[in-house]
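Fold and contact review
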Amino acid sequence: QAKSDIPPVPEIFMKSMLHPVPQPKYVFVSEEALSGITAGKARAEVLAALGKPVSISGIQGIEDGPLEALTYQITERNTVTVKLRAGLVTSVTRN
């Protein structure tokens, strides 16, 4: 048998591959953080307060600037959508 040039996998990595650590399914946005998001806030302020959204969708606007929807998890079954036009919050809708 030929000896492999590939070093053996360390035991700690083998254990983590065989028994992966469960990752949280969602990162939830707190009511406190959400309460600070109001019409007129800048996109950067929303991201700083709420973090990375679970989804982003956008449409390039013709006259009023681009439209964007940032969706966040607030519970395992509920989301909130922050809509922006030209980089400013226009609405916050619970789904």
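What comes next is a walk through the structure. Model, not experiment: these values are computed from the prediction.

1. A few points about the sheet that holds strand S3 (residues 79–85)
Within a sheet, neighbouring strands are paired by backbone hydrogen bonds and run either parallel or antiparallel to one another. Pairing in this open sheet of four strands is antiparallel, and the strands run S1-S2-S3-S4 from one edge to the other. Of all the strands in the sheet, the pair left with one neighbour each is strand S1 (55–59) and strand S4 (88–94). Direction aside, neighbouring strands of the sheet carry axes that sit 20° apart on average. Bridging between strand S2 (residues 67–73) and S3 involves seven bridges; their strand directions are antiparallel.

2. A short note on the side chain of Thr81
Relative to the helices and strands, Thr81 resides in strand S3. Assessed through its relative accessible area of 11%, Thr81 is described here as buried. A polar contact of 2.7 Å, which involves the side chain of Thr81, links it to the side chain of Asn95. Non-local contacts of Thr81, meaning those with residues more than four positions away in its chain, are made with Ala69, Leu70, Thr71, Ser91, Val92, Thr93 and Asn95.

3. A closer look at the pairing of S4
With six bridges connecting them, S3 and S4 associate as antiparallel partners. Residue Thr81 lies in a different strand from S4, and its bridge partner there is Thr93. Taken together, S3 and the strand that follows it, S4, pair antiparallel across an intervening segment of two residues, in which Ala86 is found at a positive phi of about 55°.

4. So, the pattern of salt bridges
Counted under the stated rule, the structure contains two salt bridges. Residue Glu31 pairs with Arg94 through a salt bridge whose shortest N-O separation is 2.8 Å. Residue Glu31 is located in helix H2 (residues 31–35), and its partner Arg94 is located in strand S4; the two are separated by 63 residues in the primary sequence. Residue Glu31 is classed as partly exposed on the basis of its relative accessible area of 48%. The salt bridge partner of Arg43 is Glu68, with a shortest N-O separation of 2.8 Å. On the criterion of sequence distance, the pair formed by Arg43 in helix H3 (residues 43–50) and Glu68 in strand S2 is long-range, its members being 25 residues apart. The class for Arg43 is partly exposed, based on a relative accessible area of 26%.

Rules of the game
- Residues numbered from 1 in each chain as written.
- Predicted model: local features only at pLDDT ≥ 70, side-chain atom pairs only at ≥ 80, totals over all residues.
- Heavy atoms only, no water.
- Pairing = 2+ DSSP bridges.
- Helix = DSSP H or I, 4+ residues; strand = E, 2+ residues; numbered from the N terminus.
- Axes fitted to C-alpha atoms, helices over the stretch in contact; angles between N-to-C directions.
- Buried < 20%, exposed > 50% of the residue type's maximum accessible area, 1.4 Å probe, protein only.
- Polar contact = N/O pair within 3.5 Å; in protein donor to acceptor, adjacent residues only side chain to side chain.
- Contact = heavy atoms within 4.5 Å.
- Salt bridge = Lys/Arg side-chain N within 4 Å of Asp/Glu carboxyl O.

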